[in-house]
Amino acid sequence: MNTATFITQPNNNATANSNGQNFNQAAQQQSLRACVEQAMDNYFKHLDGQSVSDVYEMVMAEVEAPMLEIVLKYTRHNQTRAAQVLGLNRGTLRKKLKQYGLL
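The present account deals with the structure reproduced in this document. In this text, all values refer to a predicted model and were calculated from it rather than measured experimentally.

One way to put it is that helix α4 (residues 79–86) packs onto helix α5 (residues 90–99) with a least axis distance of 9 Å and a crossing angle of 100°. On the basis of the axis angle, α4 is roughly perpendicular to α5. Contact residues: α4 offers Gln79, Thr80, Ala82, Ala83 and Leu86, while α5 offers Arg90, Leu93, Arg94 and Leu97. When its residues are assigned to classes, the contact of α4 with α5 shows five nonpolar, two polar and two charged.

Written out as structure tokens, the structure is:
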């Protein structure tokens, strides 16, 4: 499986160290996997002893809805093309769009 790397927009207000390197350099190029790992690690570190359940559903809802929105935007709301991009059949895509109130 190919892991894509996502590059964020440069921060014009970033501070440079003595070598002139941007402190946000690591954040400018980070894989989706690394972002999820960092977010999950942060989530568990800040639970402060609280019990937690249904983490899978929480994460999927947090990731799936914006992914669907971005793919729809990318395909100019062409659901057939969006389904192809996502590797889903169109019926499944429509079900997910309804689930997240995107239809």
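There's plenty left to go through after this.
Evaluation of the coordinates by the stated rule reveals three salt bridges. Ionic pairing is found between Arg33 and Glu37, a salt bridge with its closest N-O pair at 3.2 Å. A residue pair is termed a helical-turn pair when its members lie 3 or 4 positions apart in one helix, as Arg33 and Glu37 do in helix α2 (residues 32–45) at four residues. With a relative accessible area of 61%, Arg33 lands in the exposed category.

Okay, unusual backbone geometry next. With a phi close to 55°, Asp48 is a non-glycine residue in the positive phi region. Tracing the backbone shows Asp48 in the loop between α2 and α3 (55–74). With relative accessibility at 72%, the residue Asp48 sits in the exposed group. Despite not being glycine, His77 has its phi angle at roughly 65°, a positive value.

Of all the residues in α5, the buried ones are Leu93, Lys96 and Leu97. The arc that holds every buried residue of α5, seen down its axis, measures 100°, which confines them to one face. When the buried face of α5 is taken as reference, the exposed residues oriented beyond 90 degrees from it are Lys95 and Lys98. Among the structural elements, α3 and α4 are those in contact with the buried residues of α5. The opening residue of α5, the one whose side-chain oxygen lies 3.0 Å from the backbone nitrogen of Gly91, is Asn89.

Definitions and cut-offs
- Residues numbered from 1 in each chain as written.
- Predicted model: local features only at pLDDT ≥ 70, side-chain atom pairs only at ≥ 80, totals over all residues.
- Heavy atoms only, no water.
- Axes fitted to C-alpha atoms, helices over the stretch in contact; angles between N-to-C directions.
- Helix = DSSP H or I, 4+ residues; strand = E, 2+ residues; numbered from the N terminus.
- Parallel < 35°, antiparallel > 145°, perpendicular 65-115°, else oblique.
- Contact = heavy atoms within 4.5 Å.
- Nonpolar A, V, L, I, M, F, W, Y, C, P; charged D, E, K, R; others polar.
- Salt bridge = Lys/Arg side-chain N within 4 Å of Asp/Glu carboxyl O.
- Buried < 20%, exposed > 50% of the residue type's maximum accessible area, 1.4 Å probe, protein only.
- Arc of directions from axis to C-beta.
- Polar contact = N/O pair within 3.5 Å; in protein donor to acceptor, adjacent residues only side chain to side chain.

By themselves these figures say nothing about function.
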